[in-house]
Amino acid sequence: MKKKQNIFLKNKKFTVYLILAFGIILTAVFAPQIATHDPGEAILTEALKAPGNGHLFGTDKLGRDLFSRVIYGTRASLPATFALVGSIFLIGSAIGIVAGYFGGWLDAVIMRIADMMVAFPGMVLALAVAGILGPSITNAVIAVGLVSWPKYARMARSLVLKIKYEDYVEAAKVTGSKTRHILIRYMMPSVLPTLVITASTDIGGTMLELAGLSFLGFGARPPVPEWGLMLSEGRSYMQNAPWIMIFPGLAILIVVMVFNLLGDSLRDVLDPKEEE
Amino acid sequence: MNTDKLWKRFLQILIILIGISFLSFLLIFLAPGDPVTSMYASTGMMPSEEVINETREELGLNRIFIEQYGTWLWNCLHGNFGNSFSMHKPVSELLLSRLMPTIQLAVLSLVIMLAISVPFGVLSAVYKERPVDYIVRGISFFGISMPNFWVGLLLLYIVALKLRLVPTVSKEAGFQQMILPALTLAFAMAAKYTRQVRTAVLEELNQDYVTGARARGISESVILWRHVFPNALLPLVTMLGLSLGSLLGGTAVVEVIFGYQGIGNLAVTAITALDYPLIQGFVLWIALIYMVINLIVDISYEFLDPRIRRKMR
């Protein structure tokens with residue numbers, strides 16, 4: 001317990017960002033308590049009201065309370081982003097470890113597929129996949145996931161290759177350790193820190209990509225309060241109601257910034273060498 | 001690069017291209033929407049079952065997958081990417097007409113980006129851990145976290161709507177229409193590149209030859225601009241190539257915001273209309289261009305870095 005406290009005290013920056021990130025997650029959890037209105041409730045007589053007067057951020061084209069929608073927006077963005085980063089992290093590293101450890105034709109096939117995905121601007125394929133599967137948050141997650149896993153696979157593979165022939169791994173093999181045991185006990189721990197750092201620095205960027213897809217109409221569908229979608233709805237009312245496109249954008253900026261800072265500081269905590 | 005390596009590379013590109021063509025074809029083959037229905041829907045007709053079946057036969061959509069793929073690939077190799085369902089024009093003609101505006105936009109944004117990130121990156125590295133450095137790093141961090149479509153909207157709002165300096169939406173693709181989208185694209189990239197330039201310059205500043213040059217009494221500015229700068233720039237070339245490639249496909253969001261008639265905008269229209277031949281053509285074209293750019297970058301590396309040139313021989 002005492003040791004744990006030290007980590008947080010020693011890395012004050014990290015602790016602060018971690019608390020901020022928790023704050024954002026709590027916002028999502030307690031969205032119904034924080035929101036002042038029902039985010040889906042449309043009162044047309046209240047449409048396009050400027051901020052103030054009972055509506056902190058004003059209202060949108062259907063008279064929905066923008067503040068409540070921005071708050072509820074965390075519920076659309078965070079789970080999707082975490083699910084996406086989490087799954088490409090797991091799947092990508094598992095594939096990479098297997099490819100690196102077993103080698104041979106399996107490695108060749110996996111890595112050629114990964115090359116194929118990397119040799120290609122990710123957003124184009126994600127766009128095509130999201131569009132063709134049909135617009136929904138789930139499909140946007142699948143689309144971005146499909147083009148992002150190779151990064152983790154390649155990284156895990158190269159890390160495994162580095163330690164594959166180390167004496168302790170050979171020793172484990174000679175003493176009859178099961179392959180599964182070697183993979184989990186020896187390969188995973190050496191691969192994990194780098195990949196965790198990568199995953200945590202990827203959260204912000206992933207969130208931006210998902211919001212971008214929603215903005216184009218290939219992600220969340222109305223009436224879901226999603227920030228990218230809200231921005232695209234606000235676009236047409238820019239002239240008369242600029243607040244519709246200001247607050248959701250601000251929300252994305254803040255959340256992405258907090259997670260980017262958290263990722264950067266996590267790197268400093270886990271990998272002190274990299275610190276400049 | 002010797003011929004052997006060049007051939008290997010060429011073969012690799014070919015394999016990847018075939019893979020990507022297969023992938024994009026498979027994707028569309030499995031897609032839930034029906035292309036024939038969406039094709040007719042775009043003309044506003046509601047055809048009978050019979051007509052739909054006839055069209056399917058005509059387009060070869062009733063044949064087995066591998067046969068369809070083979071025919072499609074064969075046609076592609078002859079430069080025939082089919083006709084767009086929704087715009088009733090050859091795909092290659094459509095893509096070609098939109099490619100130039102996007103290339104212009106991409107290049108302009110790269111130029112703007114370099115004009116921002118190189119001076120600030122160098123400044124930040126030279127004055128490491130001083131106020132200038134902190135300010136530059138702070139702003140670039142801000143830039144990385146900013147959604148580019150939001151930057152676009154804000155620019156549109158401030159420059160076009162409030163200050164009325166440029167028209168909001170325009171059909172032509174002149175310089176005036178390019179400046180805002182280019183600025184938007186440059187903004188996010190500049191943030192990334194400023195950090196990169198900073199790291200690269202810092203790395204070079206720690207090299208022995210810098211100490212040596214200082215010992216010989218060469219002035220700091222000569223060291224920086226004549227020795228450090230060219231070396232630090234080298235890794236940027238790769239990044240620039242990659243950026244140009246991803247810009248060609250990644251300008252979609254910005255093009256849509258500003259109503260810019262580029263290839264990304266076309267792609268979004270195609271995807272929304274489920275215009276399969278156009279989507280396939282787009283994916284394939286971008287992949288090809290991207291890989292050609294990467295190849296050029298690899299080769300140009302050799303010209304820029306004498307060390308690699310010597311190793312190759």
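Figured I'd write up the structure that's included with this text. Since this is a predicted model, take the numbers as computed values, not measurements.

Rules and cut-offs
Residues numbered from 1 in each chain as written. Chains lettered and ligands numbered in written order. Predicted model: local features only at pLDDT ≥ 70, side-chain atom pairs only at ≥ 80, totals over all residues. Heavy atoms only, no water. Helix = DSSP H or I, 4+ residues; strand = E, 2+ residues; numbered from the N terminus. Polar contact = N/O pair within 3.5 Å; in protein donor to acceptor, adjacent residues only side chain to side chain. Contact = heavy atoms within 4.5 Å. Axes fitted to C-alpha atoms, helices over the stretch in contact; angles between N-to-C directions. Parallel < 35°, antiparallel > 145°, perpendicular 65-115°, else oblique. Left-handed = near helix turned anticlockwise from the far one by under 90°. Salt bridge = Lys/Arg side-chain N within 4 Å of Asp/Glu carboxyl O. Nonpolar A, V, L, I, M, F, W, Y, C, P; charged D, E, K, R; others polar.

As for the side chain of Arg69(A)
Residue and element names in this part refer to chain A. Residue position: Arg 69 is located in helix α4 (residues 66–102). Only 2.8 Å separates the side chain of Arg 69 from the backbone oxygen of Pro 39, close enough to count as a polar contact. When near neighbours in sequence (up to four residues on either side) are disregarded, Arg 69 contacts Pro 39, Asp 60, Arg 64, Pro 223, Val 224, Pro 225, Trp 227, Met 230 and Glu 233.

Topic: unusual backbone geometry
In this model, Pro222(A) is joined to Pro223(A) through a cis peptide bond whose omega is 10 degrees. By the element assignment, Pro223(A) lies in the loop between α9 (179–216) and α10 (227–235). Notably, His88(B) is not glycine yet its phi reads approximately 55 degrees, a positive angle. Inspection of the secondary structure assignment puts His88(B) in the loop between α4 (65–77) and α5 (91–126). The backbone phi angle of Glu129(B) is positive, close to 65 degrees, even though this residue is not glycine.

Considerations on the packing of helix α6 (residues 122–133) of chain A against α9(A)
Residue and element names in this part refer to chain A. Two numbers describe how α6 lies on α9: the axes approach to 11 Å, and their chain directions differ by 50 degrees. By the criterion of interaxial angle, the relationship of α6 to α9 is oblique. Regarding α6 and α9, the two cross each other, and that crossing is right-handed. For the pair α6 and α9, contact is made by Met 123, Leu 127 and Ala 130 and by Glu 209, Leu 213 and Leu 216, respectively.

A few points about the interface of chain A and chain B
In this assembly, 39 residues from chain A lie in contact with 44 residues from chain B. Taken together, chain A and chain B are joined by one salt bridge. When the shortest N-O distance is used, the salt bridge between Arg195(B) and Asp264(A) registers 3.2 Å. Counting across the chain A and chain B interface gives five residue pairs in polar contact (both at pLDDT 80 or more). Sorting the residues of the side of chain A that touches chain B by element identifies α5 (104–118), α6, α9, α10 and α11 (243–270) of chain A as the ones contributing at least two each. The residue inventory of the side of chain A that touches chain B, partitioned by class, reads 29 nonpolar, six polar and four charged.

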